[in-house]
Amino acid sequence: AREVHLASRPEGFPTPENFDLVEVPLPEIAEGRLLVRNLVMSVDPYMRGRMGLGKSYVAPYGIGEALTGGAVGEVVASEAPGFEVGDTVLHGLGWREYSAVDAAEATKVDPRTAPVGAYLGVLGMPGMTAYAGLLDVASFKEGDVVFVSGAAGAVGQVAGQVARLRGAARVIGSAGSDAKVKYLVDELGFDAAFNYKDGPVGELLHRAAPDGIDVYFDNVGGEHLEAAIDSATTFGRIALCGSIANYNTSTPTGPRNLGLAVGKRLTLRGFLVKDHEHLREQFVREVGGWIASDELRYQETVTEGIDRAPAAFIGMLRGENVGKALVTL
Ligand code: NDP
């Protein structure tokens, strides 16, 4: 079976040379474990942080070791009660064709309820991030004007639509291509959207939201965050979800106008999705319902083959994905 190892730590944008595709024997499974043949795996922005040695909220990946990440697969052997051959499970040992998974770290999912990739995207970690970030962290309320950056990505596409469906006065999105901007407005029902590459983000945001924004869902950081602080209304709320503009550079940029947060009485709050498990049931019910009724739409960008997983990851960092970036195995 094949798996992807970290060959070296990337500097700036990762390159294919940072990864090795390695042939390994099928893992043996001990008591309490499952052998899972993976069907689909996730490539996520946070993995870039783990490839370096900088300060991060998760431990770095080891050089010469297999990468890890979200994956869904089929149980092909089970040494754990409660799991049968043929079950479909979500687990954290992706980047390989076969995983020996501790049953305590595996969650059964139903491939008839949703396509398996959805458990890594719209109904999985990114969807939950959007839901918790907007409702719990940004304390979204009906009538808010909401701005979402990275809006055509896995988290962003859900965040913007939850805001719309929960009664936002106006939802504005930013993304890195005209096709994505069109997708946001035409398919996802954003009220306005702009391509952040078209000019200073502050100006583009001001044009899209002349009366200001009450909530900013920040996937990007840097210039976007500065623009949002500038456009925020009094008592505005900012959910700090990620800062992908700074993930591949050694010269990160930050907002230069934090001083404005004082007079505007802004709340800027960072969060990690894992702290919001109390919302999970509500999330699955509400977002699952909106998907079933076609009120909430989503895309995935699927790359085929474990050998192309590094390229899918690098492509995601460069904005080649619309919606969740996935790799089928
Ligand atoms: P996406 O599907 O949004 O993919 C990443 C996207 O980032 C790209 O498609 C690209 O879109 C955009 N991007 C890349 N570089 C830049 C840049 N310099 N400026 C602006 N946009 C850029 O990824 P996710 O939805 O999975 O993640 C979105 C954010 O949420 C990330 O910051 C991630 O770290 C964070 N996150 C945080 C979690 C938490 O618990 N706090 C959990 C999950 C995700 P474009 O074409 O628009 O540039």
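Residues numbered from 1 in each chain as written. Predicted model: local features only at pLDDT ≥ 70, side-chain atom pairs only at ≥ 80, totals over all residues.

**Concerning the site of the ligand**
As a reminder of what qualifies: Near, as applied to residues and a molecule or strand, means the residue's backbone-placed C-beta atom lies within 6 Å of it. Where helices and strands are cited, they refer to DSSP runs of H or I of at least four residues and of E of at least two residues respectively, numbered from the N terminus. By the convention adopted, Pro, Cys, Tyr, Trp, Phe, Met, Ile, Leu, Val and Ala count as nonpolar, Lys, Arg, Asp and Glu as charged, and the other residues, Gly among them, as polar. Segmentation of the chain into domains, including their bounds, is taken from an automatic or database domain assignment.
Taken together, 29 residues surround the ligand, and among them Gly-153, Ala-154, Gly-176, Gly-242 and Gly-319 come closest. Within the residue set of the shell around the ligand, elements represented by two or more residues are helix H2 (125-137), helix H3 (154-165) and helix H9 (309-317). The element that contributes the greatest number of residues to the shell around the ligand is H3, accounting for three residues. Tallied by class, the residues present in the shell around the ligand amount to 17 nonpolar, ten polar and two charged. Two domains each donate at least three residues to the shell around the ligand, and these are domain 1 (2-121 + 299-328) and domain 2 (125-274).

**Thoughts on the nonpolar core**
Under the convention used in this document: For this analysis, nonpolar core means a set of buried Ala, Val, Leu, Ile, Met, Phe, Trp, Tyr and Cys residues linked through C-beta atoms within 7 Å. Each residue is classified by how many other C-beta atoms fall within 10 Å of its C-beta atom, where C-beta atoms are placed from the backbone; a count of 20 or more means buried, 12 or fewer means exposed, and values in between mean partly exposed. Contacts are defined on C-beta atoms placed from the backbone: any two residues whose C-beta positions lie within 7 Å are in contact.
Core analysis: the biggest nonpolar cluster contains 98 residues, and Tyr-131, Leu-134, Val-146 and Phe-217 have the highest contact counts within it. Looking at which element gives the most residues to this core, the answer is H2, with eight residues. Taken together, domain 1 (2-121 + 299-328) and domain 2 (125-274) each give at least three residues to this core, which thus spans both. Beyond its immediate chain neighbours, meaning those up to four positions away, Val-146 contacts Phe-140, Ala-163, Ala-168, Val-171, Ile-213, Asp-214, Val-215 and Phe-217.

**Describing the packing of H2 against H3**
Two quantities define a packed helix pair, namely the angle between the helix axes and the distance between the axes. Test applied: Where helices are involved, their axes are fitted lines through C-alpha atoms of the stretch in contact, as for all axes, and angles between N-to-C directions lie from 0 to 180°. Angular relationships are summarised with four words: roughly parallel below 35 degrees, roughly antiparallel beyond 145, roughly perpendicular across 65 to 115, and oblique for the angles in between. By convention the crossing between two helices is left-handed if the near helix lies anticlockwise of the far one by an angle smaller than a right angle, and right-handed if it lies clockwise.
In the contact formed by H2 and H3, the axes pass within 8 Å of each other and the chain directions differ by 45 degrees. The orientation of H2 with respect to H3, classified from their angle, is oblique. Between H2 and H3 lies a crossing whose hand is right-handed. Judged by residue contacts, Pro-126, Gly-127, Thr-129, Ala-130, Tyr-131, Gly-133 and Leu-134 of H2 engage Ala-154, Val-155, Val-158, Ala-159, Val-162 and Ala-163 from H3. Its residues placed into classes, the contact of H2 with H3 shows ten nonpolar, three polar and no charged.

**Focus: the UniProt feature "domain: Enoyl reductase (ER)" (unreviewed entry) in the chain**
Just so we agree on the cut-off: UniProt positions are given in the numbering used here, feature names are shortened, and annotations may be inferred rather than shown by experiment.
Summarizing the sequence annotation, UniProt attributes the feature "domain: Enoyl reductase (ER)" (unreviewed entry) to residues 14-327 in the numbering used throughout. Across residues 14-327 one finds 27% helix and 24% strand; the C-alpha atoms that close the span lie 17 Å apart.

**As for the pairing of strand S9 (residues 170-175)**
What counts here: Each pair of strands is called paired provided DSSP finds at least two bridges between the two strands. Seen with its strands pointing away from the viewer, a crossover is right-handed when the path leading from the first strand over the helix to the second is clockwise.
Where burial is concerned, most of S9 is hidden: five out of the six residues are buried. Pairing geometry for strand S8 (residues 145-148) and S9, over four bridges, is parallel. In the strand pairing of S9, Val-148 is matched with Gly-173. Note on the crossover from S8 through H3 to S9: the handedness is right-handed. The sheet contact formed by S9 and strand S10 (residues 192-195) spans four bridges and is parallel.

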